[in-house]
Amino acid sequence: MNTRSEELAPAVRSILDAAADRPGGDERVAVDARSLSTAFATAEADGRVPVIAEVKPTSPTTDGARREDPVDLAESMVAGGAAALSVLTEPEHFGGSLDTLDRVRAAVDVPVLRKDFLVREDQLDAVEADLVLLIARFVGDDLADLVAAARDRGFQPLVEVHTREELAAALAAGAELIGVNNRDLGKLAVDLSTFEAIAPEVPDGVTLIAESGIATPADVQRMRDAGADGLLIGSAIMDAEGTDEAGTGGDVSANTRRFTAAETEEEV
Ligand SMILES: O=P(O)(O)OC[C@@H](O)[C@@H](O)c1c[nH]c2ccccc12
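Residues numbered from 1 in each chain as written. Predicted model: local features only at pLDDT ≥ 70, side-chain atom pairs only at ≥ 80, totals over all residues. Heavy atoms only, no water.

### Regarding the side chain of Thr260
Basically, it comes down to this: Starting at the N terminus, helices and strands are each numbered in turn, a helix being any DSSP run of H or I of at least four residues and a strand any DSSP run of E of at least two. A simple rule labels every residue: compare its accessible area, found with a 1.4 Å probe on the protein chains alone, to the largest value its type can have, and call it buried under 20%, exposed over 50%, or partly exposed in between. We call two residues contacting when some pair of their heavy atoms lies within 4.5 Å.
Its location among the elements puts Thr260 in helix H12 (residues 252-260). Among the residues examined, Thr260 registers a relative accessible area of 1% and is labelled buried. Sequence-distant contacts of Thr260, that is, excluding residues within four places in its chain, are made with Gly47, Arg48, Val49, Val51, Gly80, Gly81 and Ala82.

### Points about the site of the ligand
Put simply, the test is: Being near a molecule or strand, for a residue, comes down to having at least one heavy atom within 4 Å of it. Counted as a polar contact is a pair of N or O atoms within 3.5 Å, where, for protein atoms, one must be capable of donating a hydrogen and the other of accepting one, and residues adjacent in sequence contribute only when both atoms are in side chains. Note that accessible areas follow from Shrake-Rupley with a 1.4 Å probe, and for residues the cover is restricted to the protein chains shown.
Around the ligand, the structure places 17 residues, and the nearest of them are Glu54, Lys56, Glu160, Ser212 and Ser235. Between the ligand and Glu160, the relevant distance is 2.7 Å, taken from a nitrogen atom to a side-chain nitrogen or oxygen of the residue. Between the ligand and Gly234, the relevant distance is 2.7 Å, taken from an oxygen atom to a main-chain nitrogen or oxygen of the residue. Computed on the free molecule, the ligand has an accessible area of 440 Å², of which 96% lies beneath the protein chains in the complex.

### Let's talk about the nonpolar core
Filter applied, for reference: What makes a nonpolar core is a set of buried Ala, Val, Leu, Ile, Met, Phe, Trp, Tyr and Cys residues whose side-chain atoms join them at distances within 4.5 Å.
Met77, Leu85, Ile214 and Leu231 are the most contacted members of the largest nonpolar core, which has 59 residues in total. It is helix H7 (residues 143-152) that provides the largest number of residues to this core, a total of five residues. In this structure, Leu231 is in contact with Val49, Pro50, Val51, Ile52, Ile209, Ala210, Ile214, Val220 and Met223, ignoring residues within four places of it in sequence. The next biggest cluster of nonpolar side chains, apart from the first, holds 25 residues, and it includes Ala43, Leu133, Leu177 and Leu232.

### A short note on the layout of surface pockets
Condition: Definitions used for this entry: grid spacing 1 Å over protein atoms alone; cavity, a set of points where a 1.4 Å probe fits but cannot get out; pocket, an open set with protein on both sides within 12 Å along at least 5 of 7 lines; lining residue, one with an atom within 4 Å of a point. Grid points are joined across faces, edges and corners, and a volume is the space filled by probe spheres set on the points. Each residue gets one label: Ala, Val, Leu, Ile, Met, Phe, Trp, Tyr, Cys and Pro are nonpolar, Asp, Glu, Lys and Arg are charged, and the others, such as Gly, are polar.
Space inside the largest pocket adds up to approximately 750 Å³. At the level of elements, helix H1 (10-21), strand E4 (131-135), strand E8 (230-233) and helix H11 (235-238) are the ones that each hand at least two residues to the lining of the largest pocket. When the residues that make up the lining of the largest pocket are grouped by side-chain class, the tally is 18 nonpolar, eight polar and 11 charged.

### Things to note about helix H3 (residues 70-79)
To keep it simple, the criterion reads: Note that the arc is defined by the directions from the helix axis to the C-beta atoms.
Here H3 has its buried residues at Pro70, Val71, Leu73, Ala74 and Met77. When H3 is viewed along its axis, its buried side chains cluster within an angular range of 160° and face the same direction. Trailing H3 by a residue or two, Gly81 shows a phi angle of about 100°, which is positive.

### Quick word on empty space enclosed by the protein
Going through the model one piece at a time under the given rule, you end up with one cavity of 30 Å³ or more. Its volume calculated, the largest cavity comes out at about 50 Å³. Lining the largest cavity are Ile135, Arg137, Glu160, Val161, His162, Glu166, Asn181, Arg183 and Leu185. Residues of the lining of the largest cavity, tallied by class, amount to three nonpolar, two polar and four charged.

### Let's talk about the sheet that holds strand E6 (residues 177-181)
For clarity, the cut-off: By this definition, two strands are paired if DSSP reports at least two bridges between them. Axis angles are defined between N-to-C directions and span 0 to 180 degrees, where every axis is a line fitted to C-alpha atoms and, for a helix, only to the segment in contact.
With respect to topology, eight strands assemble into a closed barrel ordered E1-E2-E3-E4-E5-E6-E7-E8, the strand pairing being parallel. Each neighbouring strand pair of the sheet contributes to a mean axis angle of 25°, computed without reference to strand direction. In this sheet, strand E7 (residues 207-211) lies alongside E6 in parallel orientation, the contact comprising five bridges. Residue pairing for E7: Gly179 is matched across the bridge by Ile209. Its contacts with the sheet put helix H8 (residues 164-172) on strand E5 (156-161) and E6, and the angle it makes with E5 is roughly 160°.

### A short note on the packing of aromatic side chains
As a reminder of what qualifies: Two aromatic rings from Phe, Tyr or Trp, using only the six-membered ring of Trp, form a pair when their centres are within 6.5 Å; if the ring planes differ by under 30 degrees the pair is stacked, by over 60 it is edge-to-face, and anything between is tilted.
Taken as a whole and assessed by the stated rule, the structure comprises two aromatic pairs. When the ring of Phe117 is compared with that of Phe138, the centres are 6.0 Å apart and the planes differ by 40°; the resulting orientation is tilted. Within this pair, whereas Phe117 is found in the loop between strand E3 (112-115) and E4, its partner Phe138 is found in helix H6 (residues 136-139), the two being separated by 21 residues in sequence. Each member of the pair, Phe117 together with Phe138, is buried. What links up through ring pairs into an aromatic cluster is the set Phe94, Phe117 and Phe138.

### Observations concerning the environment of Phe40
Inspection of the secondary structure puts Phe40 in helix H2 (residues 36-45). Residue classification places Phe40 among the buried positions, given a relative accessible area of 6%. The spatial distance from the C-alpha of Phe40 to the C-alpha of Glu7 is 35 Å, given a sequence separation of 33 residues.

Right, here's the structure in full:
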């Protein structure tokens, strides 16, 4: 791996150490995946911005945690027009679980992305999902093998990049779905110009997703103008701000609608 510890925020180092130890599945999964590109096309046809809404109960950059049933949150996101969902399965730093992903996927009919820090092939077998995230920075030279291993099981691999070098590695690995993470996992700082700098290098034919730091409808417009086919939005939808002691926060359905309707309505 090309992850020297001094380059990473301590929270990320701790996430990676935990990820390396996490067991995989005993049996190889075979997934009948719901297509992300079909879901995006359906959203576009109905005038919705294609948004992957993320069920992220907490994170190293979030204050507090939402304690509602993630299935309720997921259903609210779909009601708010989300084309697809992302579900954190990382247990120690993001409040995720494999069981949550299973239950969410059973409750909705949109594609569901497994969001985790997978570093080995057997970890793909821990749970079924329509898409799996592979983070170029963390899998290094194993990227092409993991992309192939994910496809062999029926998953659509989404390869996350943050630099031009990682984009080149993703393309060399045959990635067809690429996410540009605006958050630098070294410093955990967000900068939307990351997507703008990398997007022009991405060939047509790749489905390109802007990830992280999208907080307003103007940010949606900015990422769409720069070439985003879809957007991955977590914190601004989960919005734990104002969350009470029971962990009940803002209206997730309305929060989602604010982004999916960003190109058709004035902000409310
Ligand atoms: O909450 P935000 O800023 O809208 O970001 C969502 C998503 O992009 C972010 O959670 C994320 C991007 N890549 C990741 C890898 C692992 C865990 C989480 C992530």
